[in-house]
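What follows is each chain in one-letter form.
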Amino acid sequence: MDYTKLDDYRQVIEAILSEYASLPYSYANIQSEVVFDRTRDRYLWMDLGWDGDRRIHGCLVHIDLIDGKIWIQRDGTEEGIAADLERAGIPKEHIVLGFRPPELRPYTGYAVA
């Protein structure tokens, strides 16, 4: 894998997740944070806080870089983080919808693995 392309992918993922996390919640005391692990190529967007008396703590988006491809392990966005990656110039054949069962991935229009 071309390390320049891998660095580009890292920057795109970080920029997209940072943009999402910067949007404030208007209805509860919930904070968004991003976790970027460039050593292991894991990228998370987390929400935490309180919605009344209910504790909020969860992962909205989890992305891994595996063998030069972007694996979306969890996607809690409305439109889908894959669409954001495509708009940023990432080819569909470099995006794997890891949250889809392997037998369904050939029908998604994205990479299977």
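Located above this text is the structure these notes cover.
Here we summarise the structure given alongside this text. Values in this document were obtained by computation on a predicted structure and should not be read as measured data. (Residues numbered from 1 in each chain as written. Predicted model: local features only at pLDDT ≥ 70, side-chain atom pairs only at ≥ 80, totals over all residues. Heavy atoms only, no water.)

**Topic: the overall build of the chain**
On a plain count of helices and strands, the chain comes out with two helices and five strands. For the chain, whose C-alpha radius of gyration is 15 Å, the value lies close to the compact-globule estimate of 13 Å for 113 residues. The dimensions of the chain, computed from C-alpha atoms along their principal axes, are 45 × 30 × 25 Å. In the chain, which comprises 113 residues, the share counted as buried stands at 39%. In the chain, 36% of the contacts between residues at least 6 apart in sequence involve partners at least 24 apart. For the chain, the exposed surface amounts to about 6,800 Å²; the carbon and sulfur share of it is 49%. (Helix = DSSP H or I, 4+ residues; strand = E, 2+ residues; numbered from the N terminus. Rg over C-alpha atoms; globule rule 2.2 N^0.38 Å. Buried < 20%, exposed > 50% of the residue type's maximum accessible area, 1.4 Å probe, protein only. Contact = heavy atoms within 4.5 Å. Areas by Shrake-Rupley, 256 points an atom, 1.4 Å probe, with all protein chains shown as cover.)

**Some details on the nonpolar core**
If you look at the biggest cluster of nonpolar residues, it comprises 22 residues, and the most contacted ones within it are I13, I63, I70, I72, L85 and I95. Listed by contribution, the elements that provide at least two residues to this core are α1 (3–21), β2 (42–51), β3 (54–66), β4 (69–75), α2 (81–87) and β5 (95–97). If one sorts the elements of this core by residue count, α1 sits on top with seven residues. Excluding residues within four positions of it along the chain, I72 makes contact with H62, I63, I81, A82, L85, I95, V96, L97, G98 and F99. (Core = buried A, V, L, I, M, F, W, Y, C linked by side-chain atoms within 4.5 Å.)

**Regarding the sheet that holds β3**
Backbone-to-backbone hydrogen bonds join strands into a sheet, with any given pair of strands oriented parallel or antiparallel. Read from one edge of the open sheet, five strands run β1-β2-β3-β4-β5, paired in mixed fashion. Bordering the open sheet on either side are β1 (29–37) and β5, each of which pairs with just one other strand. Sheet twist, expressed as the average angle between the axes of neighbouring strands with direction ignored, equals 20 degrees. Strand direction decides the pairing type here: β2 and β3, joined by 10 bridges, are antiparallel. Its bridge partner lying in β3, G49 is registered against I56. (Pairing = 2+ DSSP bridges. Axes fitted to C-alpha atoms, helices over the stretch in contact; angles between N-to-C directions.)

**A short note on the pattern of salt bridges**
Under the counting rule described, the total for this entry stands at eight salt bridges. The residue R87 makes a salt bridge to D84 at a minimum N-O spacing of 2.7 Å. Here D84 and R87 lie together in helix α2, a separation of three residues that amounts to about one turn. What makes R87 exposed here is its relative accessible area of 55%. A single salt-bridge network, built from bridges that share partners, covers D7, R10 and D41. (Salt bridge = Lys/Arg side-chain N within 4 Å of Asp/Glu carboxyl O.)

**Remarks on the pairing of β3**
Counting the residues in the hairpin turn of β2 and β3 gives two residues, including G52, whose phi is positive at 70 degrees. Bridge count for β3 against β4 is six bridges, and the pairing is antiparallel. From the neighbouring strand, I66 faces β4, where its bridge partner is K69. Taking the residues that link successive antiparallel strands as the turn, the β3-β4 hairpin has two residues, and the phi of D67 there is positive, at about 50 degrees.

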